[in-house]
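# A closer look at the structure
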Amino acid sequence: MRSAQDAYRQAGIVDPRTAFSLAEVHDCFTPTEIVLMEDLGFADPGQACKDVLAGDFDAEGRLPINPDGGLKSFGHPVGASGLRMLYEAWLQFRGEAGQRQLPDPHTALTHNLGGRPGSCVSFVSVVGATQGV
C-alpha cells in the first residue's frame, strides 16, 4: 500500500510490526481488516488470519488493533471515521481510554479509506505521544 509506505518513510518507520503500540484500521468489513493487516506490514501475506487467531492483534497482543472496537462498534460514522481513530490514539496517549487503556501507548497508526471501486483514497497517519514522533 503506497500510502503506508509513504507514511512510514516520512516518520522513519523501518519495521511496522514493532514500531507501533496500537493501530486503528478501517474495518468496514471483517475481510478488509484482515487484508489491511497484511497491506500495512503487520502480518506476512496470507498470515493475518493466523495472527488474529493467535491473539497478536488483541489488546494484550504484540500490536493491539482497534482497541476501541473499530468502525462497526461506532456505527461506521462515514466522514468522521478518521477523526474518531485519531481521537482514540489521543485518549490512549493521555491515559484516558478507560477499560481499554493500553499499558504503554507511545506511537499509533491510523488508517482510513473511502471512495468507490476505481477511485478509492487511502489515508495513513503516524502519531506519537511525544513531540517529534
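This report concerns the structure included in the present document. Bear in mind that the values here come from a model prediction, so they are computed numbers and not experimental data. (Residues numbered from 1 in each chain as written. Predicted model: local features only at pLDDT ≥ 70, side-chain atom pairs only at ≥ 80, totals over all residues. Heavy atoms only, no water.)

Spatially, β1-β2-β3 is the arrangement adopted by the three strands of the open sheet, whose pairing is mixed. Both outer strands of the open sheet, β1 (22-24) and β3 (121-128), are each paired with one neighbouring strand and no more. For this sheet, the mean inter-axis angle between neighbouring strands, taken without regard to orientation, is 15°. Both strand β2 (residues 107-114) and β3 contribute to a ladder of eight bridges, which runs antiparallel. Counterpart to L109 in the pairing with β3 is V126. Those strands touched by helix α6 (residues 81-94) are β1, β2 and β3, and its axis lies near 170° from that of β2. (Pairing = 2+ DSSP bridges. Helix = DSSP H or I, 4+ residues; strand = E, 2+ residues; numbered from the N terminus. Axes fitted to C-alpha atoms, helices over the stretch in contact; angles between N-to-C directions. Contact = heavy atoms within 4.5 Å.)

This part is about the nonpolar core. Formed by 20 residues in total, the largest nonpolar core has its most connected members in Y8, F20, V25, L40, F42, I65 and L109. Elements supplying a minimum of two residues to this core: α1 (2-11), α3 (30-39) and β3. Of all the elements, α1 adds the most residues to this core, at three residues. (Core = buried A, V, L, I, M, F, W, Y, C linked by side-chain atoms within 4.5 Å. Buried < 20%, exposed > 50% of the residue type's maximum accessible area, 1.4 Å probe, protein only.)

With that settled, consider the pattern of salt bridges. In this structure the tally under the stated criterion is eight salt bridges. The partner of R84 in a salt bridge is E24, and the shortest N-O contact between them spans 3.4 Å. Here the residue R84 occupies a position in helix α6, and E24 occupies one in strand β1, the gap between them amounting to 60 residues. Exposure class is identical for R84 and E24. Each is buried. Of the charged contacts, one joins D51 and R62 as a salt bridge, the two residues approaching to 3.4 Å between their closest N and O atoms. Taken together, the residues span a long stretch of sequence, with D51 in helix α4 (residues 48-53) and R62 in the loop between α4 and α5 (70-73) at a distance of eleven residues. A single salt-bridge network, built from bridges that share partners, covers E24, D68 and R84. (Salt bridge = Lys/Arg side-chain N within 4 Å of Asp/Glu carboxyl O.)

For the structure on display, the rule yields three aromatic pairs. When the centroid spacing of 6.0 Å and the interplanar angle of 40° are considered together, the rings of Y8 and F20 count as tilted. Of this pair, Y8 sits in helix α1 while F20 sits in the loop between α2 (16-19) and β1, and the two are twelve residues apart along the sequence. Of the two residues examined, Y8 and F20, each falls in the buried class. With a centroid separation of 5.8 Å and an interplanar angle of 25°, the aromatic rings of Y87 and W90 are classed as stacked. Taken together, the positions of Y87 and W90, both in helix α6 and three residues apart, correspond to about one turn of that helix. By way of ring pairs, the aromatic residues Y8, F20 and F42 are connected into one cluster. (Phe/Tyr/Trp six-rings, centres within 6.5 Å; stacked < 30°, edge-to-face > 60°.)

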